[in-house]
Amino acid sequence: MKFPVLHRIAAFFVFAFSSVVFLMTVAPTLSFWDCGEFITAAVTMGVPHPPGAPMFQLIGRMFSFLPFGDLGFRVNLMSTFSSSFTVLFVYLVSMRLMRLWHGDPQTTGKALLMILSASIGALILSFSDTFWFNASEAEVYGIGMFFISVTVWIALEWYAHAGVFDSERSLLLIAYIMGLSIGVHLLSLLALFFVFFVIYFRDRDRVDMNVKSILAFVGLMAAGFFVVYPGIVKYLPKLLSSTGGLLFVIVLIAAMIAVVSAKKWNPHLRMGLLGALLVALGYSTYAIVPIRANDSPALNENAPTNLAILYSYLNREQYGDYPLLRGSTYDNSLQNINFATKKFLPRRWNPESVDAYKNYSSDFEYMMSFQFGKIYMRYFLWNFVGRAGDLQDAPVVFMGDAGDWSESPGYPNRYYAIPLLLGLIGMFYHFRKDWKTATSTTVLFLMTGVGLVIYFNMAEPQVRERDYFFVGSFYVFAIWAGLAAFGIWDMLRSKVSVPEVGGLLLAGALLVVGPGNMLKQNYQTHDRHHNYVAYDYAYNLLQSCDQDAILFTGGDNDTFPVWYLQYVAGIRRDVRVVNLSLVNTNWYALQLKNERPYGAKAVSLSFSDEQLNRMEPLAWETTTVEIPINPATISRAWMEDMPAAKGLALPTSFAWTVSPQWRDARGTNGLRNQDQMILDIVRNNINSRPIYFALSTAPSDRLGLDPHLVVEGLCARVTPFSFPTQSYRYYPAMNVPVTIKHLTNLAAEADSNRAFGFMFRELNNPDINLDEASSKMIYSFRLLYMELAKAVYQESGDKATADRVLQKMEEVMPEALHEMNGEIRTQLALTYFVTKNNEKAVAMTAEVEKFMMPDVEKFIMGDQSNRNAMSILLNLYYQTGQFDKGIALLRKYQQRNNDPSVEAEISTWQAQQTVRMPKDS
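Attention here is on the structure that accompanies the text. Residue indices follow the written sequence of each chain, beginning from 1 at its first position. Selection of residues for local features in this predicted model requires a pLDDT of at least 70, selection of side-chain atom pairs for listing and counting requires 80 or more, and totals for whole chains, interfaces and linings are taken over all residues. Values reported for side chains reflect all heavy atoms of the structure, with hydrogen atoms and water molecules removed beforehand.

**Points about the overall build of the protein chain**
- Only DSSP runs of H or I reaching four residues or more are called helices, and only runs of E reaching two or more are called strands; each is numbered from the N terminus. Along the protein chain, the regular secondary structure elements total 35 helices and 15 strands.
- Here's how the labels work: a residue is buried when its accessible area is under 20% of the maximum for its type, exposed when over 50%, partly exposed in between, all with a 1.4 Å probe on protein chains only. Residues counted as buried form 57% of the 921 residues belonging to the protein chain.
- Note on contacts: a residue pair qualifies if any of its non-hydrogen atoms lie within 4.5 Å across the two residues. Across the protein chain, contacts joining residues at least 24 apart in sequence account for 71% of those joining residues at least 6 apart.
- Accessible surface is estimated by sampling points in the Shrake-Rupley manner with a 1.4 Å probe; for residues, cover comes only from the protein chains shown. Summed over its atoms, the accessible surface of the protein chain is roughly 37,700 Å², and 59% of this surface lies on carbon and sulfur atoms.
- Between the mean site of the 76 positive side-chain charges and the mean site of the 80 negative ones, the protein chain shows a separation of 6 Å. Charge counting follows a simple rule: Lys and Arg are positive, Asp and Glu are negative, and His as well as the terminal groups are ignored. Each charge is placed at NZ for Lys, CZ for Arg, CG for Asp and CD for Glu.

**Quick look at the sheet that holds strand 7 (residues 618-619)**
- Spatially, 7-11-10 is the arrangement adopted by the 3 strands of the open sheet, whose pairing is antiparallel. The open sheet is flanked by strand 7 and strand 10 (662-663), the only strands paired with a single partner.
- When DSSP finds two or more bridges between two strands, those strands count as paired. Two elements, strand 7 and strand 11 (residues 669-671), share 2 bridges in a ladder whose sense is antiparallel. Pairing of alanine 619 across the sheet is with glycine 670, part of strand 11.

**Looking at the state of the cysteines**
- Any two cysteine sulfur atoms lying within 2.5 Å of each other are counted as a disulfide. The full count for this structure, using the stated rule, is 0 disulfides.
- Of all cysteine sulfurs in the structure, the one in cysteine 715 sits closest to cysteine 545, which takes part in no disulfide; the separation is 3.8 Å.

**Side note on the pattern of salt bridges**
- When a carboxyl oxygen of Asp or Glu lies within 4 Å of a side-chain nitrogen of Lys or Arg, that pair is called a salt bridge. All told, the structure shown has 33 salt bridges when counted by the stated rule.
- In this structure, arginine 717 engages glutamate 712 in a salt bridge whose closest nitrogen and oxygen atoms are separated by 2.8 Å.
- You can call arginine 717 buried: its relative accessible area is 4%.
- Glutamate 815 serves as the salt-bridge partner of arginine 825, at 3.0 Å between the closest nitrogen and oxygen.

**Points about a nonpolar patch on the surface**
- Like charges within 9 Å and nonpolar side chains (Val, Leu, Ile, Met, Phe, Trp, Tyr) within 5 Å are joined into patches, using only residues over 30% in relative accessible area that form no salt bridge. Together, Met1, Val5 and Ile9 make up a nonpolar patch on the protein surface, roughly 300 Å² of accessible area in all.
- Structurally, the position occupied by methionine 1 is in the segment before helix 1 (3-25).
- Assessed through its relative accessible area of 63%, methionine 1 is described here as exposed.

**Quick notes on the side chain of glutamate 712**
- Counting through the fold element by element, glutamate 712 comes out in strand 13 (residues 709-712).
- Judged by relative accessible area, glutamate 712 falls into the buried class, the value being 2%.
- Residues adjacent in sequence count toward polar contacts only when both atoms are side-chain atoms; beyond that, a polar contact is any pair of N or O atoms within 3.5 Å, and within protein one must be able to donate a hydrogen and the other to accept it. A polar side-chain atom of glutamate 712 sits 3.0 Å from a polar atom in the side chain of tyrosine 692.
- Not counting residues within four places of it along the chain, the set of residues in contact with glutamate 712 comprises Ser544, Trp638, Tyr692, Arg717, Asn735, Val738 and Thr739.

**Quick word on unusual backbone geometry**
- Note the cis peptide between tyrosine 229 and proline 230, where omega equals 15°.
- Here proline 230 is to be found in helix 10 (residues 211-240).
- The phi dihedral of asparagine 457 falls on the positive side, at around 45°, and the residue is not glycine.
- Along the chain, asparagine 457 falls in the loop between helix 19 (450-456) and helix 20 (471-493).
- Its relative accessible area of 0% is what places asparagine 457 among the buried residues.
- The phi torsion at aspartate 548 lies on the positive side, around 60°, for a residue other than glycine.
- By the element assignment, aspartate 548 lies in the loop between helix 22 (533-543) and strand 5 (550-553).

**Examining the environment of arginine 493**
- Take arginine 493: it is sitting in helix 20.
- For the pair formed by arginine 493 and phenylalanine 226, sequence separation is 267 residues and the distance between their alpha carbons is 46 Å.
- Polar contacts involving the side chain of arginine 493 include one to the side chain of aspartate 490, which spans 3.0 Å.

**What about the sheet that holds strand 12 (residues 691-694)?**
- Spatially, 6-5-12-14-13-15 is the arrangement adopted by the 6 strands of the open sheet, whose pairing is mixed. The strands lining the two open edges of the sheet, one partner per strand, are strand 6 (576-579) and strand 15 (733-734).
- Here strand 13 pairs with strand 15 via 2 bridges, running parallel. Of the residues in strand 15, the one forming a bridge with valine 710 is alanine 733.

**So, the packing of aromatic side chains**
- We call Phe, Tyr and Trp rings a pair once their centres come within 6.5 Å, taking the six-membered ring for Trp, and we label the pair stacked below 30 degrees between planes, edge-to-face above 60, and tilted otherwise. Summed over all chains, the structure comprises 64 aromatic pairs.
- The interplanar angle of 50° and the centroid separation of 6.2 Å between the aromatic rings of phenylalanine 89 and phenylalanine 146 together place this pair among those described as tilted. One end of the pair, phenylalanine 89, is in helix 4 (residues 71-102); the other, phenylalanine 146, is in helix 7 (residues 140-159), and 57 residues separate them in sequence.
- On the basis of relative accessible area, phenylalanine 146 is assigned to the partly exposed category, the value being 22%.
- Our definition puts a charge over a ring when NZ of Lys or CZ of Arg is within 6 Å of the ring centre and also within 35 degrees of the ring normal. Above the face of the tryptophan 382 ring, arginine 387 is positioned so that its terminal group lies 3.6 Å from the ring centre.
- Residue placement shows arginine 761 over the ring face of tyrosine 535; its charged tip is 4.9 Å from the ring centre.

**Brief notes about the nonpolar core**
- In this description, a nonpolar core means a group of buried Ala, Val, Leu, Ile, Met, Phe, Trp, Tyr and Cys residues linked to one another through side-chain atoms lying within 4.5 Å. Among the nonpolar cores identified, the biggest contains 280 residues, and Tyr91, Phe470, Tyr475, Trp656, Leu763 and Phe781 are the most heavily contacted of them.
- It is helix 20 that provides the largest number of residues to this core, a total of 16 residues.
- Counting 8 residues, the second-largest nonpolar core is a separate cluster that includes Trp638, Met642, Ala645 and Val710.

**Describing helix 29 (residues 772-796)**
- End to end, helix 29 covers 37 Å across 25 residues, agreeing with the expected 36 Å (1.5 Å per residue, within 8%).
- Taken across its 25 residues, helix 29 has 18 buried, putting it largely inside the fold.
- For helix 29, the N-terminal cap is aspartate 771; the gap from its side-chain oxygen to the backbone nitrogen of alanine 773 is 3.2 Å.
- Phi turns positive, to about 70°, at glycine 797, one or two residues after helix 29. By definition here, a helix of n residues has an expected span of 1.5 Å times n minus one.

**Concerning the side chain of asparagine 685**
- Along the chain, asparagine 685 falls in helix 27 (residues 673-685).
- Judged by its relative accessible area of 0%, asparagine 685 is buried.
- A polar contact of 2.9 Å, which involves the side chain of asparagine 685, links it to the backbone oxygen of serine 604.
- Apart from residues lying up to four places away in sequence, asparagine 685 is in contact with Ile550, Val603, Ser604 and Ile691.

**Concerning the packing of helix 10 against helix 11 (residues 243-261)**
- At a closest axis distance of 6 Å, the pairing of helix 10 and helix 11 adopts a crossing angle of 120°. Taken together, helix 10 and helix 11 sit at an angle that is classed as oblique. Contact residues: helix 10 offers Leu236, Leu239 and Leu240, while helix 11 offers Gly245, Leu246, Phe248 and Val249.
- Throughout this entry, Asp, Glu, Lys and Arg are counted as charged residues, while Ala, Val, Leu, Ile, Met, Phe, Trp, Tyr, Cys and Pro are counted as nonpolar. The remaining residues, Gly among them, count as polar. Per-class residue counts for the contact of helix 10 with helix 11 are 6 nonpolar, 1 polar and no charged. Every axis in this analysis is a line fitted to C-alpha atoms, fitted for helices over the stretch in contact. Angles between the N-to-C directions lie between 0 and 180 degrees. Note on angle classes: values under 35 degrees are labelled roughly parallel, values over 145 roughly antiparallel, values of 65 to 115 roughly perpendicular, and the remainder oblique.

**Here's the deal with the pairing of strand 12**
- Both faces of strand 12 are covered, namely the face carrying Ile691 and Phe693 and the face carrying Tyr692 and Ala694.
- Of the pairings in the sheet, the one linking strand 5 to strand 12 comprises 3 bridges and is parallel in character. Following the sheet pairing, phenylalanine 552 is matched in strand 12 by phenylalanine 693.
- Sheet topology note: the strand 12/strand 14 (residues 715-718) ladder contains 3 bridges and is antiparallel. When the bridges of strand 14 are listed, phenylalanine 693 appears paired with alanine 716.

**A few points about the environment of arginine 206**
- Among the secondary structure elements, arginine 206 is positioned in the loop between helix 9 (191-202) and helix 10.
- For arginine 206 and lysine 436, which are 230 residues apart along the polypeptide, the C-alpha to C-alpha distance reads 9.7 Å.

Everything listed is a geometric property; what it means functionally is a separate question.
Quick look at the structure:
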C-alpha cells in the first residue's frame, strides 16, 4: 500500500479512536465551574463573564441544534470534537516534521514506523490528564487548543512548501484564524510566536543570522504581536467608542486597504497590513457582545451595551489588577505588603495571601517554589509522569506510595515517566535534525508554559487547580514525544545496524507502554458519562425554594448550574438568584432591580439607580436592625409545615444584630456592597417574598442572620424568629417535614415547577466517577442527611425515622462508592451518637481513628497545627463512652509533654468512666 494511503488511514484512525474514547467519557450534561455559564451563553446567546467568548458561543449554538441529548451534552460535544481534531493535528505536525527531514518513506516498514511514532505523540496528548479532562466538558480550552494546533500545522505546511500550501495565502489564513480564536480565548494568540519564528527561519541559514538581523526580527515580532494584542483586541473598541476615534479608524483602514491594493508598496508591508485587517475581521465576532447585551438577555454579565463598557469588559476590570513587571510586593521585615515601594517582577503582591507569603524568604524563592514548582511543574508532571489523586494540591506520583489524595476510585494514575522520557528524547532529536523548527517549537513551549507562569503571577492559595492554563505546553511536549520512537531508531541506526522491523517492534512496544498505559490508567478517572451532580445539585437547590423566592448564592458552583437550569432547561424560573459576589457590582444590582428574566419578579430595592451606580463600602458599627413585620402579607405557610414553629407568635418586627464585615486600611469598620444589598433586600422583601441562603454560602456572607434561618432542603429560609442553638447541629432550626419530603421521596425526572423530591442520579452506580467539585457536593448531600437525622431525633424522639433517613443516605450515596474522609466520618459518628446508635457510633469512631491518629501523633510530638485532630478524637471518645481510650491518649500526651494541667482532665475522665451510654433501642 502506498504511503499517502497509509498516512491518511492512520490520521483518520487517530482522530476516530480519540473521538470514540471522548464520546464514551464525555459529561452527559453540564459540569461545575464555568461550564454551566458557557453552555447557557451558547444556547441563549447571552453574555458570559469578561472577556467573553463570542466565537465559542457561535459554535456552541450550532451544536445545541443537534436533535439528541441534553442541551449541555450537545455543547459538550464541541469540546469533544475540537479536542479530537487537535489530536489529529498533533499527528499531522509530527508527520510533517519527519517528512521534512527524511522525505516520504520509500519502504512500507519505514512508513509504518513514521506513522506509529506520530500516532504515539498524538495519543499521548489525547489521553493525558489535563487535555482529556478539557475534552469532556464545555469549556474554552478544548476549542482553544484546536485553534493553536491548526495554526501550527498550517505554518509548518507553509514552511515546507507542501501542496496547496505553497503560497503566502496560508499566512493570511493564519491571521484570520487568530482573529477568530480571540473570540474563544486569548491564550490562542501565543501561537503567533511560533508563526513569527517559522517565517524568520524559513529562508535563513546560520550565516544569514547576525545580531542586527536578530534584533530587527525581535523588534518586528514584538510590534506585530502588539498590533494584535493589545492593539486590535483592547484599543480598537476604545477608539471606536468616540467620534474622533471612529473617524481615525475609518481613515486608518482606508489607508491600509489602499496600501494593500497598490503593488508598488513593499510586499512584506502589504502582507503585514492585510494580515492585520484579517485579524480584525476575525475579531469582529465580538460585535455580537454589545448587540446581544442591548437585547437584555437573562445572562448579561457587565451589560456591555456600548463600546466604552465593552472596553472595560475586555480588560476584565471587575476582577481588579495585579502587577507584572513592576509593583508592590511582600516585605519580610514588615510581615506585610510594602505599598510604599515598587520592585521589579513583584511576585508576592496579593494582600489576601500574606499568611502564605511568610513562608518564603524572597520573591524569587516564591516564584521558583510555588509558581514554577507547585503550580507549573506539578501540572506538567501530572500529565507525563503520574498523578496521585484528584484532591486539591495532589502531588506527582511515580513509583512510591501515592498517599491518600483521592475520594474517587481509580487513582493514583501512574505513567512511570515513559511519556516524559519520550518527550525529552524527541526534543533532543528535533534539535539534532532541524534547529530552526526546534527553536520555533521551543518558543511555543516556553510561551505557553513558563511565560504564562510569569504572566498570571498566581497568588497562594488558588481556589482550584489551574492546569488547564498550561495545556498548550503539554501539546508541544506531546509532539516531541511523537518524534521519539522514530528518533530512537534513526539515531541507533547511525551507530549500529537496526532493521526496520526492530524499529517497528520498538514503536509498537512504546505505543502500548506509553499512550496505551495512559488510556488504561486514566479511563476510570476521566469517565464522566454518569456524572449528573452539577445538574442535580442545581435542581435540588431550586426545588428547596418556595414560589417566587429570592435565593442568595455564594460562588460559581452554586450559581452557574442554577442559571443553566433556569435559562436553558426552563426549570424554576420564578426563583430570583442573587449571587453575593456579583452583587458587589453596579450592573448586576441594576439588573436585579429593573429586569425580569423570563417573567421572574424583580427584586425590590430602596436604592435608586443612581445610588446603585455609586455604591461603595459604608462605614458601620455594630447595630440592631429592626424591620416591621406585616402579618397580612408575610408568608406563614412554612410554619404550618414545621411543627416546631406552629406555636410561635409572629413578632411585630424582625430584629437582628448587624456587625461590620469589612475594615479599610485606616481601621474604619464598614459594610461591603454585598452586605448593604443583603440588608436592603431583606428589608424590602421579607414581607412579600420568601428569602433563602444556599447552605453553601459562608457564614461571614450571611450578615449575622444564622439564628434566624430555617433549613429547608439545601437552602435556609430567612425568618423573623430567632432560634436557639441546638447541640451537634450546624443550623438552629430545620423544617423537618419538608426536608424529609425532599430527601426520602426522590424524583426520577426534573419538574420545571415547584416540586418536592430531590434528584441524586447515578450516585449508587458502581461505574460512576466524580471530579473533585462533584465529590465535595456529595459531602454537602451527606451533611444534609445527617442534619435531618439529628433534627428528627432531637425534635420528636422518632428513632425509626432518623434511622430510615441515614439508611436512605447510604442507599443513595453508598460509602463503598464515595469514600468518606475524616471530617465526614467524624460527623457521622456524632450523628449516630445523637440518634442513640451507640454501636455504630463506636464503630465509626474506630474509622475516624484511622484518619486522625497520624495527626494526633504529630500533635503529641509538638506540632500545634494538629491540635484540632486531638480535640476531635477526644470528643468522640467522650461522647461514645470510650473513656479508656481517651485516658490512654491523654496520658501519652502528658508523658511526652510533661504538662501538669492534663492530670485534672484525666481525673474528669476517670470520674466518668462508670457512666455508660444506653444501648440501641
